[in-house]
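Now for the letters of each chain:
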Amino acid sequence: GVANVPVDYEKKGYSIIVKQTEIPNLNSSGLMMSGYNMGDNMFLYCYVNIGKLLKLDKNKTYEGTLYFDVATMMQKSNGNITDKIPAQSVVIKAGIMPIKPEVTEKDGIYKPNFSIGHYMTDEEYVKALGNIAKVNYKSGTDFEYKTFDTKLKASTDKDGNLYLIIGIDS
């Protein structure tokens, strides 16, 4: 999904790519989520109903730790909005929630049905985990893995739904 963008974002020059792809220098594959947002806010995310997948009990609280890697080729920079968005301003967020992540149109903007927060702020269901700047700079085109982890706690709904969400906030 994509949130905090104009309903007609494609006509306004936004570019969003979400696809399964190979990661060249890491000899692996993954879900690529990439977006060019014209310097405005954008939240690009993917989710899965782990409640149904794991057959979790209804109306029960679960807690655990989420670990995942992000392949990034973005290096830390001194860029700004007139140059380029610095990698340290692009934040990975993740969480679990009993509601299906969806967007609705409000005043010409796609708005999520959950609070994302501002950059490094946590919200009820979504936590800011860190930026996508590479730790070790090798070259501008090499990817490296950056590991993220967080403790999560949420309750399933009356049907056993619990959605895991991972997103990029810029």
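Conventions and cut-offs
- One numbering rule holds for all chains: residues counted from 1, following each sequence as written.
- pLDDT decides what is reported in this predicted model: residues at 70 or higher carry local features, side-chain atom pairs at 80 or more are listed and counted, and totals for whole chains, interfaces and linings draw on all residues regardless.
- Where side-chain values are given, they derive from all heavy atoms of the structure, hydrogens and water being excluded.
- Confidence scores here are pLDDT values: one per residue, from the predictor, ranging 0 to 100.
- For helices the rule is a DSSP run of H or I covering at least 4 residues; for strands it is a run of E covering at least 2, with both sets numbered from the N terminus onward.
- Any two strands with at least two DSSP bridges between them are considered paired.
- Detection works on a 1 Å grid of protein atoms alone, calling trapped sets that fit a 1.4 Å probe cavities and calling open sets with protein on both sides within 12 Å along at least five of seven lines pockets, with lining residues defined by an atom within 4 Å of a point.
- Grid points are joined across faces, edges and corners, and a volume is the space filled by probe spheres set on the points.
- Residue classes follow a fixed rule: Ala, Val, Leu, Ile, Met, Phe, Trp, Tyr, Cys and Pro count as nonpolar, while Asp, Glu, Lys and Arg count as charged, and any other residue, Gly among them, counts as polar.
- The set of buried Ala, Val, Leu, Ile, Met, Phe, Trp, Tyr and Cys residues whose side-chain atoms join them within 4.5 Å is what this entry labels a nonpolar core.
- A simple rule labels every residue: compare its accessible area, found with a 1.4 Å probe on the protein chains alone, to the largest value its type can have, and call it buried under 20%, exposed over 50%, or partly exposed in between.
- Contact definition: two residues touch when any of their heavy atoms are within 4.5 Å.
- Here, patches come from residues exposed beyond 30% relative accessible area and free of salt bridges, joined within 9 Å for like charges and within 5 Å for nonpolar side chains (Val, Leu, Ile, Met, Phe, Trp, Tyr).
- The Shrake-Rupley method, run with a 1.4 Å probe sphere, supplies the accessible areas, and residue values consider only the shown protein chains as cover.
- Within this document, salt bridges are pairs made up of a side-chain nitrogen of Lys or Arg and a carboxyl oxygen of Asp or Glu, the two lying within 4 Å of each other.

### Focus: the confidence of the model for the protein
When pLDDT is averaged along the protein, the result is 88, and 91% of the positions lie at 70 or above. Per-element confidence in the protein is highest for helix α1 (residues 50-53), whose mean pLDDT is 97, and lowest for strand β4 (residues 28-36), whose mean pLDDT is 87.

### A word on the sheet that holds strand β5 (residues 43-49)
Spatially, five strands are ordered β1-β5-β12-β7-β10 in an open sheet, and the strand pairing comes out antiparallel. A strand with exactly one partner marks an edge of an open sheet, and here the two such strands are β1 (2-3) and β10 (126-131).

### Topic: the layout of surface pockets
Reported here for the second largest pocket is a volume of approximately 200 Å³. Ile50, Leu54, Leu56, Tyr62, Glu63, Gly64, Thr65, Leu66, Ile96, Leu152, Leu162 and Leu164 are the residues that line the second largest pocket. Broken down by element, the residue count for the lining of the second largest pocket peaks at five residues, all from strand β6 (residues 61-72). Looking at the lining of the second largest pocket residue by residue, the class counts come to nine nonpolar, two polar and one charged.

### Description of the nonpolar core
Buried together is how nonpolar side chains tend to be arranged in soluble globular proteins. The biggest cluster of nonpolar side chains holds 27 residues, and the ones touching the most others in it are Leu66, Phe68, Ile92 and Ile96. Every element with two or more residues in this core is listed here: β6, β7 (91-97), β11 (144-155) and β12 (163-169). If we ignore the near neighbours within four places in the chain, the residues touching Ile96 are Ile50, Tyr62, Tyr125, Leu152, Lys153, Ala154, Leu162, Tyr163 and Leu164. Ala3, Met97, Val126 and Tyr163 belong to the second largest nonpolar core, which has nine residues in total.

### Considering a nonpolar patch on the surface
Taken together, the side chains of Val48, Leu53 and Leu54 define a hydrophobic patch exposed on the protein surface, amounting to about 300 Å² of accessible area. Tracing the backbone through its elements, the reader meets Val48 in strand β5.

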